[in-house]
Each structure stands twice: as C-alpha cells, then as structure tokens.
There are 2 protein chains.
Amino acid sequence: MPEPLATRLARLRAELAKQRLDGLIIGREDMFQGEEVSPGDERLAYISGFTGSAGFALITAYAAVLFSDGRYSLQMVSQTDPADWQCHTLPQYSLNDYLDQHPLDGLTIGIDPLLVTMTGYERYAESIGKAGGQITAIDVNPVDAIWHDQPAVPAPSAWRMDDAVAGQSVADKLQVLADDLRQQNLQAALLSRVDAVNWLVNMRGGDLPCTPVNLCFGFFDCDHGLTLLGDEDRLAPIMDQDIAVRPLADLPDLLALCAGDAVLIEPASLPQALSFEIAASDVEMVEGDCPVTPIKARKNQVEIRGFQRAHHHDGVAMVKFLHWLSGINPASYTESQIATRLEQFRSQQKEYLLPSFSTIAGAGPNGAIVHYRAVAGQARTLSDGDILLLDSGGHYQTGTTDITRTLLIGNTPADGDVAGAFTHVLRGHIALAMAHFECGATGQQLDGIARAPLWAAGLQFAHGTGHGVGHVLSVHEGPASISKRGGVAIEAGMVLSNEPGYYLPDHYGIRLENLVVARHASDPDFLCFETLTLCPFDRRLIRAELLSVIERQWVDDYHQKVLAELTPFLPETCQTWLAAACAPL
Amino acid sequence: MPEPLATRLARLRAELAKQRLDGLIIGREDMFQGEEVSPGDERLAYISGFTGSAGFALITAYAAVLFSDGRYSLQMVSQTDPADWQCHTLPQYSLNDYLDQHPLDGLTIGIDPLLVTMTGYERYAESIGKAGGQITAIDVNPVDAIWHDQPAVPAPSAWRMDDAVAGQSVADKLQVLADDLRQQNLQAALLSRVDAVNWLVNMRGGDLPCTPVNLCFGFFDCDHGLTLLGDEDRLAPIMDQDIAVRPLADLPDLLALCAGDAVLIEPASLPQALSFEIAASDVEMVEGDCPVTPIKARKNQVEIRGFQRAHHHDGVAMVKFLHWLSGINPASYTESQIATRLEQFRSQQKEYLLPSFSTIAGAGPNGAIVHYRAVAGQARTLSDGDILLLDSGGHYQTGTTDITRTLLIGNTPADGDVAGAFTHVLRGHIALAMAHFECGATGQQLDGIARAPLWAAGLQFAHGTGHGVGHVLSVHEGPASISKRGGVAIEAGMVLSNEPGYYLPDHYGIRLENLVVARHASDPDFLCFETLTLCPFDRRLIRAELLSVIERQWVDDYHQKVLAELTPFLPETCQTWLAAACAPL
C-alpha cells in the first residue's frame, strides 16, 4: 500500500525544518525542462498526488498550495487531499495573487536551482521578495531526501542516427554552429536544450517515454569543440572521438578555458544552478536564444524525405486502424481500448520506434476537453453516433508523425450541425494547406488565414493552429508556430502541424490535423505547404455543399493522393474500405 | 539668398567647440515626438538640407553623417552636400555599423535631452559608449544657438471641442483615468503624448500643419487632478477652472506633491530631460504605456457618428473631385496640381478644418514609390492611360478621413495585368472589410486575412494593411494596427484604415484604402468592421471575372450605399457621373 500523501507532506515539512527552510517551491520540471520528465523526477506528483503535465506548489509549515492551468482545474482538486491542499488555476489566480493575501514576512523559501530555469528563478525571486520573504537556492532537494523508493534513471539506450537519415554529418553541423557563433563574436555556447544537443550530434535515446533523446547538455567552444555534459557511461560509447563526454560537474573546467570570452546562454532553458556557476566563472555571460533551435527547425532534404517515409508508414497504420474501427461494435470498446488498438497498428509498422505523445481519444463530450486523456477504468464506452476525436502520433526511424482525425462512430448518420462545424474546421484546414505566402510571413499572419473560415461561420477555438515538429525529437518544437504568439517567420523546411478545431462543451470536439512542410513556391519570393500526412478525413462528416469548388477539389485531390500512395501497401479488404473513404465528394 | 549649408555646418562646429563638445546628435524630432514638427523645430533640415520626415545626424569635427530609412535613400543624397555629408540607409547600415568602423575614443557627444525620448537616449548612450565615446545631455541646443532666423512658434489657436462632438465630458474622462491609475496602485501619470492630452481635455489646436493639436504635456494626479504643462497664454483661456495650466518648468513642484508615490511615465515618448527631473525627485518612477492611448482608441458612439458625418462630407468632396477629374485633359495637369485641386474640393465642404496629412499623388511609376510626395515644379504631368495613386484625407469638426483611390486617367482602356493586380488588391480589401473575427483577435491575424488573396495571386506589399486613426487628432494612432507588428487585439470602437496595395517598381502603384470602425457582431463574442469611407472604386480597373460571387456582391452593395448616401448632396452632373461609377459590375 502506498504511503498516504498526508504522511509524505508531514515528512517533507520535517525535512524543511531540518534544513532550516520555512517553505519550498516544487515545480513539475526536471533539469531539462522538457514536456516529459522521468518517473524519478515526478516530485510534484510524489508530494501532492497531482499528475498533470504542468504546475508547481508552494509548501510552508502552514499551507500547501498547488497551481496549474485551466486544463487541470478539476484534476488538481480530485487528485489532492482537500484537508492539506489548496488548488488554484493560472492565470486567473497566480502565485502573486496568493502572496498578496498571504505575505511571507521574513520567511525563507527554498528552491532547487537545478530544477528551475534562470528566467523562472528570477520570477519566483521577485514574487517571494515582493511578499516580504526571501528565496534561497538549496543544495539538497528535500523531496529527494525523503523519497526512499525514488525511481532510478532509465537504463541507457543511446543510439547514433546514421548520416543517411540525419542528412548532415556532425562535423558539418558543428561547423555551421561555429560560424554562427563567431559571426556574433561569441566564443562558446552552453546548450541547455536537450533536443538541440541530441540533434547536433546525430544521437537519439530512450530516456523519456515519448521523446527519443538522451538527457544531457552540451558546451560548444569554437576552438575546443563540443563537450556533452551528461552520463559518460551512456554517451561516450556512441560518440565520435572528437566529441568529449564529461559530467556536468566539470562545467567550471570548460568555462575556465573561455576566461574573458563571451559565452552564450539561454535564460529560458538554463538551470539557475548553472547560471550561478557561470556567474562565478571568468567568462562574459551573453544572454540569447539557443543558436541550434532555428537551424534544427529548417529540415534538410534528407530529413524531409524521412518525414515523408514515416508518414507513409503511419498512413498505412492509420488506414488499417480506421478499417478495423469501421467494423467494431462501439459498445464493446472504451476510449482507452481504442487508443491501445491504434498504438498496436502503429507498432506493427516497420521502422516504428515509439509514440510521439500519449494518445488523446475523446468520445462525445470528452472530445470537447482539449487536453483530455482517457484513463483506463474511467474511460467512456463508445456509442453509435459518437463523435470521436483521436489525436496520436509516432516516432519512426526517419521521422515523426502527429495526426488528428475526428470520426463518426457507428452507422447513424451525422447530425447536420456537427457536420457543418466539421466542414468549417476542414475549410480552415484547407485554407492553411493551400496558403501561398510571402517569405517572411509569420505564424501570426498564417493563423488568421486558417481561422478566417471558422470565424466567418461564428466558430472559434482556443488553441494554436499549428506547432513545429522535431525530426525524431520533440513533437512540439520551436521556434515557429502558427498561432497568435507565432511571431517567427515561417521558413522553407519547417515541419508544422495544421490543426484547427472546434469544441462544443458537453457535446463534442472536432480537430483536423495533418503535418505540413514549408517549401519554396515556383516564385522563390513565396512559400507554400506540402501536406505530409496520408489519411482520409471522414467523408460522412463533410457537408460538400458548404465547400467552394476549390476546397472540394482540394479534398478530392488529397484523397486521391492518399489512395494512390497507400493502396499498394494494404491488404485487399482495407483497399476496398480506403477506396470508398477516398471517393470524390 | 539663404546661407550656404556648408557655412551653417562650420558655424555649428564652432559652437560645438565653444561648448567643449566633440560632436552632436541631431534628430528630426521635437519635444513632442509626433510625425510633424513646427518649422522652428526642423533643426536637422536647417543643418543638413534634408527635409525627410525621419532621420538623425551625427556631427563631429571631422564628419557629418546622416541616417534615414529606405524611403529617403535618394532624397538624403540629393539634398545634402556630398563634400560634407555621408548618407546611410537604416536598417541596412546603422549608427552602430558606422561606429564599428569609426570609433569615438574619448570623444564627448552632445544631445539635447528635450528632443530625445528616454528610450532613444538609452539607445544612443549605448551605441556611443560601445564606440568608446560618451554621451552628454546639453543645456543649450547648439543649433538654436546659431539659428538666427529660427521660425517662431505658431500663433495660438486652441479651441474646445464641444461635449456633443467629443461624446464624453472632461470630468468623465478624468474619472476613468483616475480609476484606471488607482487600480494599478499609481498615484499619478506624466502624460507625454500630445494627442492623448488634447483628447483628455476635449481640446484641439493649430500648432501643427496637419494634426489639430496644441503642443503640451499633462500631469495627472489622482488627488490633485490634471495640470497641463505648456503655454499658459494659449491654453488657460479655454480650460475649465479645475484644470491648471503651468509651464513645463513647474514639473518639479507637481512631482513634489507626489513624494514617495508611484508615478507612471512612458519611456517611448517621455523626453529624457523630464526623466532626469523625475529621477531627481522623490517619486517612484513606474514605466509603462500611456494610460490614455487605449481608452482614446475605442471611439465612443458620438465620436463614431462624428466619423460617419465627416466621411459623408468627405465623400461628397471626393465624388465632385472625381467627376471633375473625369473631364480634364490629362496633359494639362501635374500630380501636384491634381492634389491641390482635390484639397480645394475638400476645403469647400462644411465643417472642414485642415488636411489630415500631405496628399500623395503618384502617377505611373511615381505611384510605386510608397511615400512619394509630388514636389511642385518637379511633379509628373499626367498622361492618358496613367494609373494615378491618390492618398489624401481631411480633418472635419466631427472626425478625420484618410482615403486612397487608384484611378485610371483618361479614356484608354486599362491594361489587363494592371486591372488584374487592382482586382487582387480589391479582394484583399474586401476580405478585411467583410472579416468576422473573435474578440481578442489581433491585427497580426487580420493582416494575414487581408494579404491572403494577394499572396495567392503572387502579389505582396511592404507596408502594413491598416493603422489606427484618431478623432480629429493624429491620422496615425496607436495602439492597434493591422500589420505584422499589430500584436494588440482589435476592440469595438477602434477606427482603422484598410489599405492593401501592390507596387510594380518603375510602372505603377495600387492602393485601395477605406476607413473602417470595429463593431460587435450579432454574436457578442465576435467583431466585424463597418466601412466609413464613401467613394466608389474605379470600375474600369476591376476585372469582375476574378471576383467570387460574394466579393462581387460586396462591391455592388458598397457602390449602392455610396450612391444612395451621396446623391442627394451632389449637383446633377455629378449625380449622373456617380450613378455610372456605381453601376453593378
């Protein structure tokens, strides 16, 4: 039987007292600030019970307060013990709001500087300072100190990605990076983004469930080359000899080699603990964005071909799954069983590695909860006539997929309003898929183009239209996005999602997502998108009379392409199903 | 005969030596940082000869370097003496680029702190410091010291705008401001935007050629009310008794009343000289955006009705002008004569006050120069078949107009490519005019909607799609814009321009501009635009077959509205012309 949460909290408070701390901030982040953390880094869940993917807690002798965003308002309350915990939803009620009402006069609040970025540390320090308290960076994490059965780090599983898959040798990538840094008069860069480091050395690994990376940092010195800062036993065996692997504790030695020189750091990803070390060194700390991020976002031709190949495999899996789904008795399956079955089809595809994120399968009203995750045992059983929103993806050896289809379950014809909304979402999707835009156009401008057809119909959705996608890396990748916040220009080679939606609370959710790659148009001053995803949209939910001639042609052309590309790789029964699914509107 | 520019420069250098300065920065700005400056503030033109609307010079003993943007690359060179001046185009070659090649080792560079904002001063200080020099804020402006016939300030002409035109009493406006400041825990605000101050006290004036304001600042203290900081002789006679008018030199007295309190200032508009005074006082300086700007941008119902009224007057003037233009012999008129004639028609309208900016009349290739201004004596004579781009506007007692029409001159039928481009620009214009968008949508998102039809046709334009327009104030007003930089949400009541374009260098320019006001749609979660401008588009340049049914209907509906609203106010010959100009496509 697991230890009661109340007991854990009491043991933590005892540990705080021992360390002479009046309180502690616990975030959900690990040292690497990715979307996923290893089980041994789930400190927030260990103490509070809350398993959401974002949030933080302030724990003092007399209060335990949990903050997360609107996705998790209910989950926070249901997973924590109301006798001990207060839960608040950001940004409606922030830490500052709480501290306005509960000052910290004279209290010392600890935070683990390895688990918070420079930017985050400064924000906490300001909030706590304004409330009359003071922040202190602790040496020993109090949660780790009381967590007796803390899960160990995952077994090593690093591998090299062949140059024929990566499309560029490590030496070439390092040369580009060196040129870039030298042009900015920088001697070195501390690379604190895990995906950037893995990409740079054509390495992947199994340290996280859905992001195929090895957790490590990198230090690149234009004269002395690259040093990976991480576990030597894991990384050294697969690295070329000219790339050093040293423990993170050796960072001061590397900084000493750059005494007096300008070293680039990224405050938004750099752990505060490392920023202390840099401040204590003799280098000139220059703040800026990770220099690898924009280079990595522009996929080379080999990476793009790899994405195409992965989408071919994924399309076969999706069509086999959809064919299977068309024949089931809905009442015999829950959302999570559907998700599991989809993952089985994917895992049977060649070159499949792992899911690119945890599948979202939301039927009926659950589809309207944008970040819904079906929990085994609590998932909804399907019914005839349900609208099922299914958002999933996989990493393959040559690329990453992310696809959402919204499906009519069973044989009851679709409701006209639902199909109308589906069709307007499809029109938004098509507007972006067909967009032709000038070089330099930003994701904000393109976002308006995708939303315009929905807005014209009085529909809106409260998430971005598209995110960048890494090459066998993070399924959410910067710097570009197609959204209100997407101020970065879209560039040729970027792989992005195209996923407008519409959600009617308590009824259904619709989202239609393909991945696209930005390409130069025939006029080199312009760009356009090529759709990578190969899978039909559910024709039964399309009201063809709401489409323009051009939109209808786009759907028919897309379905013909899907049919032509996938048919040779499908068993005969699937071929028949696909031909019907791809019939002209 | 005017003094040679070389002599002026020599006298300035002597003055610098007298003041023990090694150099001087001269901007084009006056203390009030508006688009226009009074003749006596044209220091940059006095010294350099360059009359462009933006730019600055660095003058040392051995060099005189002028910087402006791409609009003025040629004009800088043609107006300055190459023996004395180097000219550089921003941002391709910046002050920092110049200083990288010409360090200022040990030199002291002066700047007039009244004529540069806090933000600007910091930027100059950083550039000069990095180049090994140091900046110093001077007491006596060296240009003023040598400028013997410096034009005097314009004669006073302040007037009060009636509450029935302003739509809100001064007392109400001040109450809203006080509530806003108190909510932010601010005691006072130093208002350093001239249009904000004039709007706040329902005052207008004639201190500038095209912006009907009185040049002054304001200091608003939640307890002690509003003090105008400016010329008492001009302002006191028209102000209510509860509004004080004091010279700017009295600012320290006002600050003394707020000792220990938080006072809001806006670094982007506050002169550095005043920032010194605040720093020397005992107030807590809080940096932020002008609190009046967002309130002023949301026009009240009375202001909107005033805009409609002004556009009615302006439409009558435009149609009379277009009717006249249709009958001229093109070869008898230059661009500037056309502009003058248009202004005459406008000035005959009742309630007309003054032009809202200097008219742009660009025929043929001149139309492709986005900020072209015809200069009398050098203007192009019209030819049959010319495409004439005409961008003009007026301030009326109840509102401000800004309209661009692109016109076919003479009777030669339009070239198909030109008409195609015109039609695609019109499609962009219509897309924005018809847009229905969620509350919270930004100008960046709407910008994409306006550009999409042009991009789809392979056309682009290098300026914003729309700017805010003040109510009998600046024709360019923040905080919102419809552009790549328009991160502000569009709100109900905002008046904006809708002006996509297309420019084929050396051939022609096309821009189609109406003003629109944002309104709530029938669904209160959505907004839409109502077009204010009343004037037909040149039908001879529309290729109706390129328009969708909906776009064509929009043009026909718009023309019917123009016809119905204006006909009763036109002489008979004009009525006939307008009926033909507004005939269905």
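Computed from a predicted structure; not experimentally measured.

Draft legend 1. Local environment of the overall build of chain A. When its secondary structure is counted, chain A shows 19 helices and 28 strands. Computed over its C-alpha atoms, the radius of gyration of chain A comes to 25 Å, within 12% of the 25 Å expected for a compact globule of 585 residues. Reported as C-alpha extents along the three principal axes, the dimensions of chain A are approximately 70 × 60 × 40 Å. Taking all 585 residues of chain A together, the buried fraction comes to 58%. Element-wise, carbon and sulfur atoms account for 52% of the exposed surface of chain A, whose accessible area totals about 22900 Å².

Draft legend 2. Examining the pattern of salt bridges more closely. A complete count under the given rule lists 56 salt bridges over all chains for this structure. When the shortest N-O distance is used, the salt bridge between Asp-69 of chain A and Arg-71 of chain A registers 2.8 Å. Residue Asp-207 of chain B is joined to Arg-234 of chain B by a salt bridge in which the shortest nitrogen-to-oxygen separation is 2.9 Å. With Asp-207 of chain B in the loop between β9 (203-204) and β10 (217-221) and Arg-234 of chain B in helix α10 (residues 232-235), the pair connects residues that are 27 residues apart, well separated along the chain. Take Asp-207 of chain B and Arg-234 of chain B: they sit in the same class, and that class is buried. Each of Asp-195, Lys-296, Lys-299 and Glu-477 of chain A takes part in salt bridges that share partners, so that together they form one network.

Draft legend 3. Representation of the packing of aromatic side chains within the structure. All names here are of chain A. As enumerated under the stated definition, the model contains 34 aromatic pairs over all chains in all. When the centroid spacing of 4.2 Å and the interplanar angle of 15° are considered together, the rings of Tyr-46 and Trp-147 count as stacked. Of this pair, Tyr-46 sits in helix α2 (residues 43-48) while Trp-147 sits in the loop between α6 (142-146) and β7 (159-160); the two residues are 101 residues apart in sequence, bridging distant segments of the chain. The exposure class assigned to Trp-147 is buried, which follows from its relative accessible area of 8%.

Draft legend 4. Structural context of the pairing of strand β4 (residues 85-90) of chain A. All names here are of chain A. Note that strand β3 (residues 64-69) and β4 share six bridges and pair parallel. Note that in β4 the partner of Leu-66 across the bridge is Cys-87. A crossover connection joins β3 to the parallel β4 through helix α3 (residues 73-79); in handedness this β-α-β unit is right-handed.

Draft legend 5. The interface of chain A and chain B, seen in detail. Every contact between the two is made by 24 residues of chain A and, on the other side, 24 residues of chain B. Each partner contributes to the roughly 1900 Å² buried at the junction of chain A and chain B, and carbon and sulfur atoms together form 55% of this total. Inspection of the chain A/chain B interface yields nine residue pairs in polar contact (both at pLDDT 80 or more). Those elements giving two or more residues to the side of chain A that touches chain B turn out to be β21 (436-438) and α17 (443-456) of chain A. Ranked by residue count, the leading element in the side of chain A that touches chain B is α17 of chain A, at ten residues.

Draft legend 6. Expanded view of the side chain of Arg-346 of chain A. Residues and elements named next belong to chain A. Checked against the element boundaries, Arg-346 lands in helix α15 (residues 335-347). Overall, the relative accessible area of 2% leaves Arg-346 in the buried class. If we ignore the near neighbours within four places in the chain, the residues touching Arg-346 are Asp-314, Ala-317, Met-318, Tyr-352, Ser-392, Gly-393, Gly-394, Tyr-396, Thr-401 and Ile-403.

Draft legend 7. Layout of the relation of the copies chain A and chain B. Screw-axis analysis of chain A against chain B gives a translation of 0.0 Å along the axis, an RMSD of 0.0 Å, and a rotation angle of 180°. In short, the pair behaves as if placed about a two-fold rotation axis.

Draft legend 8. Geometry of the sheet that holds strand β16 (residues 360-363) of chain A. Residue and element names in this part refer to chain A. Here three strands make up an open sheet; going across it, the order is β16-β17-β20 and the pairing antiparallel. The open sheet has two edge strands, β16 and β20 (403-408), and neither has a second partner. Across this sheet, the average inter-strand angle for adjacent strands is 10°, counted without regard to direction. As paired elements, β16 and strand β17 (residues 387-392) share four bridges and run antiparallel to each other. By the bridge assignment for β17, Ala-363 is matched with Leu-388. Each of β17 and β20 is contacted by helix α14 (residues 301-326), which is oriented at about 15° to β20, the strand it contacts most. Contacts between α15 and the sheet are confined to β16, β17 and β20, with β17 contributing the most and set at about 45° to the helix.

Draft legend 9. The arrangement of unusual backbone geometry in detail. For the bond running from Gly-478 of chain A to Pro-479 of chain A, omega is 5°, close enough to zero to count as cis. When you line up the elements, Pro-479 of chain A lands in strand β23 (residues 477-482). In this structure, Asp-506 of chain A takes a positive phi of about 70° despite not being glycine. The residue Asp-506 of chain A is located in the loop between β25 (501-504) and β26 (508-511) in this model. Backbone geometry at Gln-33 of chain B places phi at a positive 60°, although glycine is not the residue there.

Draft legend 10. Region of the structure containing the nonpolar core. Ranked by internal contacts, the top residues of the largest apolar core, which has 55 residues, are Leu-190, Leu-191, Phe-219, Phe-220, Leu-226 and Leu-228 of chain B. Setting aside anything within four residues of it in sequence, one finds Phe-220 of chain B in contact with Leu-174, Leu-177, Ala-178, Leu-181, Gln-187, Ala-188, Ala-189, Leu-191, Gly-225 and Leu-226 of chain B. Counting 54 residues, the second largest nonpolar core, distinct from the first, contains Met-118, Met-239, Leu-254 and Ile-278 of chain A.

Draft legend 11. Layout of the pairing of strand β8 (residues 188-191) of chain A. All names here are of chain A. The alternating pattern of β8 places Ala-188 and Leu-190 on one face and Ala-189 and Leu-191 on the opposite face, and all of these are buried. Relative to strand β10 (residues 217-221), β8 runs antiparallel, the two being bridged by four bridges. Looking at the pairing, Ala-189 lines up with Phe-220 of β10. Sheet analysis places β8 next to strand β13 (residues 262-265), joined by two bridges and oriented parallel. Looking at the pairing, Ala-189 lines up with Leu-264 of β13.

Draft legend 12. The arrangement of a nonpolar patch on the surface in detail. The grouping of Met-434, Val-549 and Ile-550 of chain A at the surface amounts to a nonpolar patch, some 320 Å² of accessible area in total. By the secondary structure assignment, Met-434 of chain A is in the loop between α16 (416-433) and β21.

Draft legend 13. Representation of the environment of Gln-241 of chain B in the model. Residues and elements named next belong to chain B. Relative to the helices and strands, Gln-241 is located in the loop between α10 and β12 (244-246). According to the relative accessible area criterion, Gln-241 is exposed, its value standing at 83%. As a C-alpha pair, Gln-241 and Gly-440 span 199 residues in sequence and 40 Å in three-dimensional space.

Draft legend 14. Spatial organisation of the environment of Tyr-124 of chain B. Residue and element names in this part refer to chain B. Secondary-structure assignment places Tyr-124 in helix α5 (residues 118-130). Note on Tyr-124: relative accessible area 14%, which makes it buried. It is 9.4 Å that separates the C-alpha atoms of Tyr-124 and Asn-96, two residues lying 28 residues apart in sequence. Tyr-124 has contacts with Ile-25, Phe-56, Leu-95, Ile-111, Val-116 and Ile-135, leaving out every residue within four places of it along the chain.

Draft legend 15. A look at the sheet that holds strand β18 (residues 394-396) of chain A. Residue and element names in this part refer to chain A. Across the sheet, three strands lie side by side as β15-β18-β19; this open sheet has antiparallel pairing. Looking at the sheet topology across the chains shown, the edges are occupied by β15 (352-355) and β19 (399-400). Judged from the two bridges that link them, β18 and β19 form a sheet pairing that is antiparallel. From the neighbouring strand, Tyr-396 faces β19, where its bridge partner is Gly-399. Contacting β15 and β18, α15 runs over the sheet at an angle of about 160° to β15.

Draft legend 16. Highlighting helix α17 (residues 443-456) of chain B. Residue and element names in this part refer to chain B. The end-to-end C-alpha distance of α17, which contains 14 residues, comes to 20 Å, matching closely the 20 Å that a straight helix rising 1.5 Å per residue would cover. For α17, the principal kink sits at Ala-450 and spans about 35°; a proline, Pro-453, occurs within the next four residues. Of all 14 residues in α17, twelve are buried, a share of seventy percent or more. Taken residue by residue, α17 has Gly-443, Gln-444, Gln-445, Leu-446, Asp-447, Gly-448, Ile-449, Ala-450, Arg-451, Pro-453, Leu-454 and Trp-455 as its buried positions. Note on α17: the residue one or two positions beyond its end, Gly-458, has a positive phi of about 80°.

Quick notes on the rules
- Sequence order sets the numbering: in each chain, residues are counted from 1 along the sequence as written.
- All chains are assigned letters beginning with A, and all ligands numbers beginning with 1, in the order in which they are written.
- Confidence filtering applies because this is a predicted model: local features only for residues at pLDDT of at least 70, side-chain atom pairs given and counted only at 80 or more, and all residues used for totals across whole chains, interfaces and linings.
- For side-chain calculations, the full set of non-hydrogen atoms in the structure is used, while hydrogens and water are omitted.
- Secondary structure elements are defined from DSSP: runs of H or I of at least 4 residues count as helices, runs of E of at least 2 residues count as strands, and each element is numbered from the N terminus.
- The quantity called the radius of gyration is restricted to C-alpha atoms. Its globule counterpart is 2.2 Å times the number of residues to the power 0.38.
- Buried residues are those whose accessible area, probed at 1.4 Å on protein chains only, stays under 20% of the maximum for their type, while exposed residues exceed 50% and partly exposed ones sit between those limits.
- Residue-level accessible areas treat just the shown protein chains as cover; the underlying method is Shrake-Rupley with a 1.4 Å probe.
- When a carboxyl oxygen of Asp or Glu is within 4 Å of a side-chain nitrogen of Lys or Arg, the pair counts as a salt bridge.
- Between 30 and 60 degrees the pair is tilted, below 30 it is stacked and above 60 it is edge-to-face, where a pair is any two Phe, Tyr or Trp rings, Trp via its six-membered ring, whose centres lie within 6.5 Å.
- We treat two strands as partners when DSSP finds at least two bridges between them.
- The definition of a right-handed crossover adopted here requires that, viewed with the strands pointing away, the path from the first strand over the helix to the second runs clockwise.
- In this description, contact between two residues means that some pair of their heavy atoms is separated by no more than 4.5 Å.
- As used here, buried area is the combined drop in accessible area, with a 1.4 Å probe, of two parts when they are placed together.
- Polar contacts, as counted here, are pairs of nitrogen or oxygen atoms within 3.5 Å of one another; within protein the pair requires one atom able to donate a hydrogen and one able to accept it, and residues that are adjacent in sequence qualify only if both atoms are side-chain atoms.
- Here the copies are superposed with least squares, the fitted atoms being C-alpha atoms of residues at a pLDDT of at least 70 in both.
- To define axes, lines are fitted to C-alpha atoms, for helices over the stretch in contact only, and angles between the resulting N-to-C directions are given on a 0 to 180 degree scale.
- In plain words, nonpolar cores are sets of buried Ala, Val, Leu, Ile, Met, Phe, Trp, Tyr and Cys residues tied together by side-chain atoms within 4.5 Å.
- Only residues whose relative accessible area exceeds 30% and that form no salt bridge are eligible for patches; like-charged ones are grouped when within 9 Å, while nonpolar side chains (Val, Leu, Ile, Met, Phe, Trp, Tyr) are grouped when within 5 Å.
- To estimate the expected span of a helix, subtract one from its residue number and multiply by 1.5 Å.
- Fitting axes to the seven residues that end at a residue and to the seven that start at it, the angle between those axes gives the bend at that residue.

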